[in-house]
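# Examining the three-dimensional arrangement
Residues per chain are reported as follows:
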Amino acid sequence: MPTATRSRKRALAVLAALFAVVALCLPAGVGHAEEAPASKQPRQLVVAASQSVDTFNPFMSFFAIGYTVAGLTYDSLIDWSAKDFRPIPGLATKWEESADHLTWTYTIRKGVKFSDGKPLTAHDAAFTYRLMMTDKAARASSSDLVENFASVDAPNDTTLVIKLKRPTNQMLALDNAIVPEHIWSKVKNIGDFKNFDFPLVGSGPFQVVEFKTDQYIRLKANKNYWDGPPAYDELVFRYYKTPDASVQALLAGEVDLVSGLTPAQYKALRNKPGITLNQAQNRRFSAITFNVGARTKDGKTLGDGHPALRDPRVRQAIHHAIDKDELIKKVNDGLAQPGVSYIPPIFSTYFWQPSGSEKVTYDIAEANRILDKAGYKRGPDGIRRMPGNGRPLKFRLLNHADTPSEATDSEYLKGWWKQIGIDTKIESADFTKLNDLLYLGKYDIIFSGWGVGPDPTSILSLHTCGVLPDDGSGTQRDTETFYCNPAYDKLHEQQKQESDLAKRADLVKQMQQILYTQAPVVVLRYADTLEAYRSDRWTGFVKQPAKRGMISGQQGNWAFVSAKPVVKAEKKESRTGLYLGGGAVVVVVAAAAALVAVRRRRTADERE
């Protein structure tokens, strides 16, 4: 689905945390990413991953893992502070806004080079934004941004000038990848381009040099990186099929960092020698998404969603029949907060909470009252029927086969919903299949989740009418639920233009209030990010934010760039042969902290 992080508009989203899993035993002699003499073995930081990569095209990458890799490969004009998510200089060292707020002038950093040695200049930035303005595929997750651009020019190598149609507060959220013009100007079809020509060419701290589907992604450190080279040679994302497999790999020394741990795994790793745990606040949420009536922009219906879920009263009744506290107690061992609004509490400025009268509480009697009043009467089998055509309320609940907690959640939900006369059929599939079903409208209720960025525009746009697909092919993946509400859209436009932070926050909260009461999606929880790493081998990870920060799933690449090998451990052991198992490694999935899958621009949010 989407999961926060194009940010499902919007990685991850969430990514917030790459999970892992695997098949542990690697056949001898199989699968080393690089066969080299022991004395020349590259120093690798190996991170367990669980999410498949469908593309390395930063314009088309919506999964958390793709978001993470794009952020390592390419730079952006603006970065998000590791300390507190404030916008800070990236490729742009400074910027000026005109008095009428319609012209923004950015000074581009001097001396930056792409990994092939060619200089990065303001012309590359101008090319990138013009591409997004003129190519629908390139701006899929950033349409809110570039559709307001009147022109983009680079009068010289260090100056970028963007003129706007109307003032906006989005000009310090320019965190999309800046691509090399000399490479991307030759791409004929952005939408179909997977960017699998290795090594990739970018200006970021790492470059992808090797990729094996469902096995690993290998990135080499950019020794000429403008902000200083990483203190090691390679960063490897290694796939595991199950979370337990990734934990075993950590214990065996095959990986150095695992994120997205379950509470049970997290506790089991306490006091293990050489392993340090990290419990962090998360920028992600987990949710269930309803098929509120899949359709195209021109109103053509899609898929086979149950028509009863188009009725907000049914969705609200279902919301009342969810005991979030019980889910957190049973599934998260208490390490989460009940979900309410779309913006997680880590972004306190925009976080919204319902008032006492608005709050939807676990109340089976109230859920039954709502359905009775709406005319959904029980049949002789106890299952309610739709008014009019008498269709039973039998819904498919789709969860991710690689996220065990969703299977547990599903059983609880099924039990509670049975008490209100709803029959639930639980189905499981991998990320890819679930996303395919979602965007074809072939579902009733589906687990989802996003990694949310510091700026709320991207994640909130998932529910605007403008992101409904043009056709029923399922290839346009900008919407979250096919929800469309003109009142919501009006607030969205207003918040983009509001320069007063307090007033903008109020508009954003009104949007979340609509989502809460209309319930196209129900946020279940904000779970803490649970991580573990080999502190006998690695140190120096910069966390984001500074207080209770995460290592994986950051809005940026702080942790991976700052990591340093522990010299003492390096002398004791050779890791030859431990990394990058080839055919024996069962791929994985899982991404940072959350949930479902889909895509979003690098800037903000990513689906998990």
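Anything mentioned here points back to the structure above.
Residues numbered from 1 in each chain as written. Predicted model: local features only at pLDDT ≥ 70, side-chain atom pairs only at ≥ 80, totals over all residues. Heavy atoms only, no water.

Turning next to the overall build of the chain. Check the secondary structure of the chain and you find 16 helices and 22 strands. The proportion of buried residues among the 608 residues of the chain is 61%. As displayed, the chain offers around 21900 Å² of accessible surface, 50% of which is attributable to carbon and sulfur atoms. (Helix = DSSP H or I, 4+ residues; strand = E, 2+ residues; numbered from the N terminus. Buried < 20%, exposed > 50% of the residue type's maximum accessible area, 1.4 Å probe, protein only. Areas by Shrake-Rupley, 256 points an atom, 1.4 Å probe, with all protein chains shown as cover.)

For the rest of this paragraph, the subject is the sheet that holds strand β4 (residues 92-97). Adjacent strands of a sheet pair through backbone hydrogen bonds, lying either parallel or antiparallel. In space, the four strands of this open sheet follow the order β4-β5-β7-β6, with antiparallel pairing throughout. The open sheet terminates on both sides in strands that have one partner only, identified here as β4 and β6 (149-156). This sheet shows a mean twist of 20° between the axes of neighbouring strands, independent of strand direction. Docked against the sheet, helix α2 (residues 122-134) engages β5 (103-108), β6 and β7 (159-164), running at close to 160° with respect to β6. (Pairing = 2+ DSSP bridges. Axes fitted to C-alpha atoms, helices over the stretch in contact; angles between N-to-C directions. Contact = heavy atoms within 4.5 Å.)

The contact between helix α7 (residues 312-320) and helix α14 (residues 501-518) brings their axes to 8 Å, and the two run at 85°. It follows from the interaxial angle that α7 and α14 lie roughly perpendicular. Contacts between α7 and α14 involve P312, R315, Q316 and H319 from the first element and Y516, T517 and Q518 from the second. Looking at the contact of α7 with α14, its residues break down into two nonpolar, four polar and one charged. (Parallel < 35°, antiparallel > 145°, perpendicular 65-115°, else oblique. Nonpolar A, V, L, I, M, F, W, Y, C, P; charged D, E, K, R; others polar.)

A word on the nonpolar core. If you look at the biggest cluster of nonpolar residues, it comprises 63 residues, and the most contacted ones within it are I288, I318, I322, Y342, F395, W417 and I445. A total of seven residues in this core trace back to one element, the largest contributor, which is α14. When residues no more than four places from it in sequence are discounted, the contact partners of I445 are I288, T289, F290, L309, I318, F395, R396, L397, L398 and W417. Judged by nonpolar contacts, the second largest core, of 39 residues, contains W104, L120, L131 and V201. (Core = buried A, V, L, I, M, F, W, Y, C linked by side-chain atoms within 4.5 Å.)

The next subject is the packing of aromatic side chains. Under the criterion given, the structure shown has 21 aromatic pairs. Ring geometry for F85 against F347: centres 5.0 Å apart, planes inclined by 65°, an arrangement best described as edge-to-face. Residue F85 is located in the loop between β2 (78-80) and β3 (87-89), and its partner F347 is located in the loop between β14 (336-338) and α9 (364-373); the two are separated by 262 residues in the primary sequence. Judged on exposure class, the residue F85 and its partner F347 are both buried. Chaining the aromatic ring pairs together yields one cluster made of F56, F196, F198 and F211. The ring of W538 carries R43 above its face, with NZ or CZ at 5.4 Å from the centroid. (Phe/Tyr/Trp six-rings, centres within 6.5 Å; stacked < 30°, edge-to-face > 60°. Lys NZ or Arg CZ within 6 Å of the ring centre and 35° of its normal.)

In this section: the pattern of salt bridges. When the charged atoms of two side chains lie near each other, side chains of opposite charge can form a pair. Considering all chains together, one arrives at 23 salt bridges under this definition. R385 serves as the salt-bridge partner of D381, at 2.6 Å between the closest nitrogen and oxygen. Measuring nitrogen to oxygen at the nearest pair gives 3.7 Å for the salt bridge that ties E427 to K425. In the salt-bridge network here, residues are joined through shared partners; they are K136, K297 and D470. (Salt bridge = Lys/Arg side-chain N within 4 Å of Asp/Glu carboxyl O.)

A complete count under the given rule lists one disulfide for this structure. Between the sulfur of C465 and that of C484 lies a disulfide, 2.0 Å long from S to S. In this structure, the disulfide formed by C465 and C484 twists by about 100° around the S-S bond and is classed as right-handed. In this pair, C465 sits in the loop between α12 (457-460) and α13 (486-497) while C484 sits in the loop between α12 and α13, placing the two residues 19 residues apart along the sequence. Relative accessible area serves as the criterion here: at 28%, C484 is assigned to the partly exposed category. (Disulfide = S-S within 2.5 Å.)

Moving on, we get to α13. When the terminal C-alpha atoms of α13 are compared, their 17 Å separation across twelve residues agrees well with the 16 Å that a helix rising 1.5 Å per residue should span. Taken residue by residue, α13 has Y488, D489, L491, H492, Q495 and K496 as its buried positions. Across the axial projection of α13, the buried residues extend over an arc of 160°, all falling on one side. Along α13, exposed side chains directed more than 90 degrees from the buried face belong to P486 and K490. (Expected span 1.5 Å × (residues − 1). Arc of directions from axis to C-beta.)

A word on helix α8 (residues 324-331). Three or more residues of α8 are buried, namely K324, L327, I328 and V331. Take α8 and look down its axis: the buried residues cluster within an arc of 95°, on one side only. Relative to its buried face, α8 has exposed residues pointing more than 90 degrees away, namely D325 and K329. Buried positions along α8 lie against α6 (263-268), α7, β14, α10 (404-418) and β18 (521-527). Of the residues trailing α8, D333 is marked for its positive phi of about 55°.

What follows covers unusual backbone geometry. Of note, the bond from F198 into P199 is cis; its omega dihedral lies within 30 degrees of zero at 0°. One can find P199 in the loop between α4 (181-184) and β8 (206-212). A cis geometry characterises the amide bond from Q544 onward to P545, with omega recorded as -5°. Following the sequence through the fold, P545 ends up in the loop between β20 (538-539) and α15 (558-562). One non-glycine residue, H101, adopts positive backbone phi at about 65°. Along the chain, the position of H101 falls in the loop between β4 and β5. By relative accessible area, H101 is classed as partly exposed at 38%.

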